[in-house]
Amino acid sequence: MIDLNEVYKSVLEADKAAVVICDLEHKIIYMNPASIRRYEKWGGKDLMGKSLLDCHNEKSREMIIKVLEWFKESKENNIVYTSYNEKENKDVYMVALRNEAGELIAYYEKHEYRNRETMKMYDMI
């Protein structure tokens, strides 16, 4: 039988975009390899266990806290568009993570790049 936890972890590990998951106290509990590389100059994997709030300026901290409170208000509150990064041509979102009962258990930042893929289709060489 397939272990779904291993499948979920594999999806995150293979993602080319940075994935940083935080608990409800804003502690970084998971970083995929892309995020470890992306945030290397700020500590990389050593950021795990630290507060995400310490990695942001005051205005960003306020907004992260507000979004988390909004997530807590309703099971329907699950994603917020937070910014556009012109340099990297990407949209950034905060996303609620919920258990099967719909209870908020964590959150993460989602990066969606707008650049067209440069890899050749089905290039397996």
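Given the structure is predicted, the values throughout are model-derived calculations rather than measurements. (Residues numbered from 1 in each chain as written. Predicted model: local features only at pLDDT ≥ 70, side-chain atom pairs only at ≥ 80, totals over all residues. Heavy atoms only, no water.)

*Asks:* Account for the sheet that holds strand β1 (residues 20-22), with residues named and values stated.
*Replies:* Judged by pairing direction, the sheet is antiparallel, and its five strands sit side by side in the order β2-β1-β5-β4-β3 without closing on themselves. Two strands close off the open sheet at either side, each with one partner strand: β2 (28-31) and β3 (79-85). On average, adjacent strands in this sheet sit at an angle of 20° to one another, irrespective of strand direction. Pairing of strand β4 (residues 90-98) with strand β5 (residues 104-113) involves nine bridges; the strand directions are antiparallel. Opposite K90, over in β5, you have Y113 as the bridge partner. (Pairing = 2+ DSSP bridges. Helix = DSSP H or I, 4+ residues; strand = E, 2+ residues; numbered from the N terminus. Axes fitted to C-alpha atoms, helices over the stretch in contact; angles between N-to-C directions.)

*Asks:* Can you explain the pairing of β2? Please cite residues and give values.
*Replies:* In terms of strand pairing, β1 meets β2 through three bridges, oriented antiparallel. Along β2, the bridge assignment pairs V20 with M31. The hairpin turn running from β1 into β2, its antiparallel successor, is five residues long, and H26 in that turn takes a positive phi close to 75°.

*Asks:* Before we move on, could you go through the side chain of S35 and cite the residues and values that matter?
*Replies:* With respect to the helices, strands and loops of the structure, S35 is situated in helix α2 (residues 33-38). Residue classification places S35 among the buried residues on the basis of a relative accessible area of 0%. If sequence neighbours within four positions are ignored, S35 has contacts with A18, V19 and V20. (Buried < 20%, exposed > 50% of the residue type's maximum accessible area, 1.4 Å probe, protein only. Contact = heavy atoms within 4.5 Å.)

*Asks:* Explain the packing of aromatic side chains to me, using residue names and the numbers behind them.
*Replies:* Taken as a whole and assessed by the stated rule, the structure comprises three aromatic pairs. Geometrically, the ring pair formed by Y39 and W42 is tilted, given 6.1 Å between the ring centres and 55° between the ring planes. Look at W42 and you get exposed, because its relative accessible area is 53%. Consider the rings of W70 and F71, whose centres lie 5.9 Å apart with planes at 45°: the pair is tilted. Note on W70: relative accessible area 32%, which makes it partly exposed. (Phe/Tyr/Trp six-rings, centres within 6.5 Å; stacked < 30°, edge-to-face > 60°.)

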